[in-house]
Each structure stands twice: as C-alpha cells, then as structure tokens.
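Chain and residue survey
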Amino acid sequence: LAVTATTFAIVVVFLPVAFMQGIVGRFFYAFGMTVAFSVLVSLFVAFTLTPMLSSRFLKEEESHKGTKNPIFMLTNAWNSAFGKIGDIYVHMLRWSLHHRVTVIIVATVMFGLALFVGRMLGQEFLPETDESQFYVGFETAPESTIERTESLVERVEEKLVNYPEITTIYSVIGSGGMTGQTQVNEGYIYVELLPISERDISSQDLIVDVRKNLQDIPGIKLSVSVEPSEGGQAPVEFAVRGENEARLREYTEKVDQIVRTTPGAVDVDNTLTKVKPEVQIIIDRKKAADLGLNRQQLAMAVRMLVEGEDVTRLRDEDEEYDIMLRLKPDQRDEIDDLKNFMIPSDKDIPGMVDPKFPLSRVAEFVSAGAPPEIDRYNRQRIYRVTSNVAGRFTGNVRADIAARVDSVDVRPGYSIQQIGQGEWQKESFQYIFEALILAIIFIYLVLASQLNSFHDPITIMTSLPLSLIGAFLGLLIFNSAVSIISLIGVIMLMGLVTKNAILLIDFIKQRRQGGMEREEAIMEAGPIRLRPIMMTAISLILGMTPLALALGPGAELRAPIARAVIGGMISSTFLTLIVVPVVYTIIDDILRLLKKIFKRKEG
C-alpha cells in the first residue's frame, strides 16, 4: 500500500506539469511524461524484479564487529552513527508528543519565515546561463551610410579584441540590429568566448565590463546582452499603445524616464528615436495642371532618376545582368539637382517645341523626418521602451518599473503594458501555480482512495508546506531566483515529500490495527521507518548534488530544480519525522471528540 501510494502520488504531480500550457508547455510536456512513465516502470520493478532478486541474493546480515576489513569497518561506523541518530530521534519524538502546541507553533513560525524568504528571492523568467558567447547590437544615425557604419563598428571591434577571454568576433551590418529592421545603420556583433573552464570571469561579468568600455564611442548606440537583440526583443520591454501621436510620445517619454532611473536597467532605448531623414516633394496641383504636367508622371520620373528602374537585361553567354536606368551619383545627391530636373509637358504651348519645365517650378521641397516603419497592434499605434539588465534579477527590475508605470495617469483609449519576456513570465507563472494546485488536489484524491480515509491524507499533506522552508532557503543560499525552472522543482517536491509521510503514517496505522495504543505505535513506527526515510532522502540529495553545482556550460538553466529539491527534502525530512506524528495525534483527538459529540446527539 505504501509503495503504491507513494508511486501514484509522484505520478499525479507530473500530469499537470506535462499538460501545462503557455510558451514553456512543450518543454515541460516531455519532462513531465518522462518522469511519470519512469516512476510507473519503477513500481513494476519494485513489485517483480526486486522481490525476486531479494529471494536469491539477500542473506541474513552477519555481525562484523572487530573486523579489520576496511569496508566492514566503514559500515560499522555508519551503523553506529545511525544508531546514535536514532536514539536522539526517539527522545525528540517523545518530547514532541508531549509538547504538541509548541511543535505546531514552531512549525507555523518556520513556514511564515519561509514565505518571507520567498519574498526576498529575486524573480526571473529563465535563469541566466553562461554559454561562452554574447552579442553587441549597434545602431548609428539614421542617415549613416554603410561605410560610416562600418568605420564605427571597426572601432568597437578594436576594443573587443583587447579582451583575452574573447576568441571570435563576427560582425553583421544591415541585418537585425536593435530594432529588427534591415537597415544599413544597424546590425550586431557576435562574440565567442573561451570555455568557462579556461577563464576566470563569467560571461555576465564580462558583459558589464564590455558595456562600460564601449560607452565612450560617439556616434553609435550599443546594446550588450547574452541573447541577440534582433526583432526588438529585450529582457525588459514595455509597450505604449494609442492613436494620438503627440500623446503617445508624451507617455513614451515618461516610461523611458522611469526605465532609465530604475536601478539595474541598462542600454535603455525606445522607438521614438527611429526617425529617418527624408525630402518630401509637395506638388502644386494647379501649377502642374496649367503647365500640362501629370502628377503620376512626375512621381515616376523622380523615382526613376533617383532610385532607378530596371529597363532591360543583358545576356553574356550563360550570365544575365540587370540594366538600371538612373542619374549618375554626382547628379542626384543634392537637393538642387532634384529641383533642376526637367519634366516634359503634355501641353501644346505656342512657340515651344517639346516643352519642359524644372521640377522646382511646380513643387516645394521640404526636409523632414519619418520613421522607417509604423508599428501597430490591434489597429493601434505602438511605441516600445526596452532595456537590458545588469546587477539585478530581471524580474525584480521589471516589477519595479511596472509599479512606477502604474502611477502614470493614462487617458482612456491608451495603455502601457509589459510585453515580451515580462508577459511570458506572468503567463507561465500563472500556469505553474495552476499546475501546483491541481497536483495537490490529485495527491489528496490518490491518497484518500489508497488509504480509504478522508483525514489521513490531510495528515500526510502537512509535509507539503514544510518542504517550502528548505526549498526557498536552498535558492537563497545559492543566490538563485524564483523562475520557471525552480518552480518546477517545487512541484517535484509535492510528490517526493509525501513519500516519507506515507511510510510513517501507514506503519502507525498497521500497528494500531494490531492493537497497539496510539503513542506506542508512533514510538515504534518512528525509529523503524527512520532508516528507509533517511536512505531515500540522502540518495535523492546526493543524486541531485552535481546538478545543483551547475557544472559545465549552460548548467545554470537546470540547477534551480536541484537546489529547490535538495533544500526542500532536507527540511521536509527532518520536520516530517517530528511534525507529522504530532499532527496525526491532533487530528485523531479531533475525530474522537467529534464522535463523542455525535454519539451524545444520537442518544
């Protein structure tokens, strides 16, 4: 019964994880289903292969006291130490049963401290990883030529090559960049580092130093991050939506100022500055009509002369070449050249053969600026404010900015919202907590069906909040934040920690059904179940230790699971052996009292 109950308790924990929705749902589907099926297979092995092997190879343990064999000396020392631990546990258990109120108060206070520690922890969507690389997104002035951009990028490269940790630099101009648009004044630099084992500084610390070293290069805007900033993606991203251009600029500038003054926000940028200079040609329709100039012909003529037009193709053996018709560069680079373009007229004018008129005769030239593109979301104009993060957890920076943004007085029809990673984090955390609630409900249903009781599962599930104490402390000790990965570790704990309580409560019930008194059954069950409980906890902790140490490139992504599980198993194992028996006696007393009350009412 205990083996079946523990197995199904672990399996039902991972079913909500496997079917979790959101952006991380696919990843955790494979994770949850793998664990669930592995545990079910282990149940089959426990009921078949393990008993068979035990019947063949398990022998009665012999005493090796006084032996000189180093292996037996080590096991004797372990057994002796464990015997002393068992004696200490017996005294603690007996004291706890006679001071139940004190034990409950201490457990409640520790749970409250765990919640306080949880609020102290940082927040982030996914843990930062050291993958021995980073990216430098750059943007020069909108009117910059590719030659000007290239010269500025070379200055950035000259500073990057001075770092001994950098092995490869690869620059791309005219692709992606800080806004994701294909412009000759934007791009990115890919930087590859030495393996983490061959350098004394992490990629995150190196990024901070690189950012400080590059900030004095004039004429270029830089953004240094672990991930490429193509498509406008950034750890912190807020969107301002509405219709009126002036009001949108006002709100965007306020949000930009809030982000710039928030500790931890670096490389702050907004889409308001993405304006490209242009010359607008405003045609006087009346003058054009009087002179016989067609507006469409005017536009096509300017386009052909400045931008050019493919008029034919030249074949040279097996190769073909486009032939473009347009003016020479020295005839189209100045505004005066545009003004002097001679446009043929369709009107018959006495005394003139094939009349032509300069473009300045019918048009006004205005220098202005316009964004290369206008972004819309749900048919509303949208401006974005983005930033990278340094020195703080990303979730904490986003939370501080969001709290200050909420104080901005926004008129109806306008909105300021988190988008990008902040929106994904909020959605994923919501799904995680839903999966956690479903896991707890499923555990109760399984335990109630297996134990044939409605109140015994409540006793067993008191170990669940006790696991949070160690889980949060484990994250705090390793300086890990609350993320999707660490919360998955907390959900794992919900299935793992109930195992110890099931072993203990099941044994107590067996002894009471055999005629033992309640306290006697607890005092016998505790020391007997102490060894298997400790063995399973220690084996799990040791198995998770290499993962918790985050050894190897990218290991930081998986480490929070192990850190939460190790801390939670330590605290829950210790507290389960003390608190669960006390809770069992309290619930048993309540049930006895209720039975007496019902009997009196029936009488």
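Anyway, here's the lowdown on the structure attached to this text. Because the structure is a prediction, the values reported are computed rather than measured. (Residues numbered from 1 in each chain as written. Predicted model: local features only at pLDDT ≥ 70, side-chain atom pairs only at ≥ 80, totals over all residues. Heavy atoms only, no water.)

Points about the overall build of the protein
Selection rule: Put simply, DSSP marks the helices as runs of H or I at least four residues long and the strands as runs of E at least two long, and each gets a number from the N terminus on. The size measure is the radius of gyration over C-alpha atoms, and the globule rule it meets is 2.2 Å times the number of residues to the 0.38 power. Accessible area is worked out with a 1.4 Å probe on protein chains only. A residue is then buried under 20% of its type maximum, exposed over 50%, and partly exposed in between. Charge counting treats Lys and Arg as positive and Asp and Glu as negative, with His and both chain ends excluded. Charge placement uses NZ in Lys and CZ in Arg. For Asp and Glu, CG and CD serve respectively.
Check the secondary structure of the protein and you find 18 helices and 15 strands. Against the compact-globule benchmark of 25 Å for 603 residues, the protein has a radius of gyration of 36 Å, which places it well outside the compact range. When its C-alpha atoms are laid out on the principal axes, the protein stretches across 130 × 70 × 50 Å. In the protein, buried positions account for 44% of the 603 residues. Within the protein, one finds 61 positive and 72 negative side-chain charges whose respective centroids are separated by 11 Å.

Brief notes about a negative patch on the surface
Here is the rule we go by: Patch criteria: residues need more than 30% relative accessible area and no salt bridge. Like-charged residues are merged within 9 Å; nonpolar side chains of Val, Leu, Ile, Met, Phe, Trp and Tyr are merged within 5 Å. All accessible areas in this document rest on Shrake-Rupley with a 1.4 Å probe, and a residue is counted as covered only by the protein chains that are shown. Salt bridge criterion: a side-chain nitrogen from Lys or Arg within 4 Å of a carboxyl oxygen from Asp or Glu.
A cluster of acidic side chains, namely Glu-147, Glu-150, Glu-154 and Glu-158, defines a negative patch on the protein surface. Examined against the element boundaries, Glu-147 turns out to sit in helix α6 (residues 146-160). We classify Glu-147 as exposed; its relative accessible area is 52%.

Some details on the layout of surface pockets
Heads up, the condition is: Buriedness for pockets is judged along seven lines, at least five of which must meet protein on both sides within 12 Å for an open set on the 1 Å grid over protein atoms alone, while cavities are sets there where a 1.4 Å probe fits but cannot get out, and lining residues have an atom within 4 Å of a point. Grid points are joined across faces, edges and corners, and a volume is the space filled by probe spheres set on the points.
For the largest pocket, the calculated volume is near 1,200 Å³. Residue lining of the largest pocket: 42 residues in total, with Glu-124, Pro-127, Glu-128, Thr-129 and Gln-204 positioned closest to the centre. Mapped onto the lining of the largest pocket, the elements with two or more residues apiece are α7 (203-214), β4 (220-225), β14 (380-389), α13 (421-451) and α18 (559-602). In terms of residue count, α7 provides more of the lining of the largest pocket than any other element does, five residues in total.

Description of the packing of helix α8 (residues 245-260) against helix α12 (residues 394-405)
Here is the rule: Simply put, an axis is a line fit to the C-alpha atoms, just over the touching stretch for a helix, and the angle between two N-to-C directions goes from 0 to 180 degrees. An angle counts as roughly parallel when it lies under 35 degrees, as roughly antiparallel when it exceeds 145, as roughly perpendicular when it falls between 65 and 115, and as oblique in every other case. Helix crossings are classified by the rotation of the near helix relative to the far one: an anticlockwise turn of less than a right angle makes the crossing left-handed, while a clockwise turn makes it right-handed. Throughout, a residue-residue contact means that at least one pair of heavy atoms, one from each residue, lies within 4.5 Å.
Direction vectors running N to C along α8 and α12 enclose 140 degrees, while the axes themselves pass 10 Å from each other. Looking at the two axes, α8 sits oblique to α12. Judged by the twist between their axes, the crossing of α8 over α12 is right-handed. Where α8 abuts α12, its residues Val-255, Ile-258 and Val-259 lie against Ile-401, Arg-404 and Val-405.

Some points on the packing of aromatic side chains
We apply this condition: Think of it this way: a Phe, Tyr or Trp ring, Trp meaning its six-membered ring, pairs with another when their centres are within 6.5 Å, and the plane angle makes it stacked under 30 degrees, edge-to-face over 60, tilted otherwise. Charge-over-ring placement is defined geometrically: NZ (Lys) or CZ (Arg) within 6 Å of the ring centre, and within 35 degrees of the ring normal.
Across all of its chains, the model carries four aromatic pairs by this definition. Aromatic side chains Phe-125 and Trp-424 sit 6.3 Å apart centroid to centroid with 55 degrees between the ring planes, which places their arrangement in the tilted category. Taken together, the residues Phe-125 in the loop between α5 (100-120) and β1 (133-140) and Trp-424 in helix α13 connect sequence positions 299 residues apart. Owing to a relative accessible area of 30%, Trp-424 belongs among the partly exposed residues under this scheme. With a centroid separation of 5.7 Å and an interplanar angle of 75 degrees, the aromatic rings of Tyr-251 and Tyr-414 are classed as edge-to-face. Taken together, the positions of Tyr-251 in helix α8 and Tyr-414 in the loop between α12 and β15 (415-418) put the pair 163 residues apart, joining distant regions of the chain. For Tyr-251, a relative accessible area of 2% puts it in the buried group. Taken together, the ring pairs connect Tyr-135, Tyr-188 and Tyr-190 into an aromatic cluster. Over the face of the ring belonging to Tyr-377 we find Arg-241, whose NZ or CZ atom lies 4.1 Å from the ring centre. The ring of Phe-82 has Arg-531 lying over it, and the distance from NZ or CZ to the ring centre is 4.5 Å.

A few points about the environment of Leu-542
Structurally, Leu-542 can be placed in helix α17 (residues 518-548). Note on Leu-542: relative accessible area 58%, which makes it exposed. Separated by 282 residues in sequence, Leu-542 and Arg-260 place their C-alpha atoms 45 Å apart.

Comments concerning the pattern of salt bridges
Taken as a whole and judged by the stated rule, the model has 20 salt bridges. In this structure, Arg-313 and Asp-322 form a salt bridge, with 2.4 Å as the shortest nitrogen-oxygen distance. For Arg-313, a relative accessible area of 49% corresponds to the partly exposed category. A residue is classified by how much of its surface remains accessible, and Asp-322, at 47% relative accessible area, is partly exposed. Residue Asp-588 pairs with Arg-592 through a salt bridge whose shortest N-O separation is 3.3 Å. Pair noted here: Asp-588 and Arg-592 are both in helix α18, with a separation of four residues, about one helical turn.

Some words on α7
Quick reminder of the rule: Expected span of a helix: the number of residues minus one, times 1.5 Å. Of all possible arcs, the one meant is that of the directions from the helix axis to the C-beta atoms.
For α7, built from twelve residues, the straight-helix expectation of 16 Å at 1.5 Å per residue is met to within 8% by its first-to-last C-alpha distance of 16 Å. Those residues of α7 that sit buried are Ser-203, Gln-204, Leu-206, Ile-207, Val-210, Arg-211 and Leu-214. Down the axis of α7, the buried set is contained in an arc of 155 degrees. They therefore lie on one face. Among the structural elements, β1, α6, β3 (186-193), β4, β6 (265-270) and β14 are those in contact with the buried residues of α7.

Some points on the environment of Arg-148
The residue Arg-148 is located in helix α6 in this model. For the pair Arg-148 and Asn-185, spaced 37 residues apart in sequence, the C-alpha to C-alpha distance is 8.4 Å.

Focus on a nonpolar patch on the surface
Residues Phe-116, Met-120, Leu-473, Leu-476, Ile-477, Phe-478, Leu-549 and Leu-551 make up a contiguous nonpolar surface patch of roughly 820 Å² in combined accessible area. At the level of elements, α5 and α15 (463-477) are the ones that each hand at least two residues to the nonpolar patch. With three residues, the top contributor of residues to the nonpolar patch is α15. Secondary-structure assignment places Leu-549 in the loop between α17 and α18.

So, the side chain of Asp-456
Stated formally: In protein, a polar contact requires one atom able to donate a hydrogen and another able to accept it; more generally it is a pair of N or O atoms within 3.5 Å, and residues adjacent in sequence count only if both atoms are side-chain atoms.
As for its placement among the helices and strands, Asp-456 is situated in helix α14 (residues 456-460). Side chain to side chain, Asp-456 and His-455 meet in a polar contact 3.2 Å long. Polar contacts involving the side chain of Asp-456 include one to the side chain of Lys-509, which spans 2.7 Å. Filtering out sequence-adjacent residues up to four positions away, Asp-456 remains in contact with Leu-451, Lys-509 and Tyr-584.

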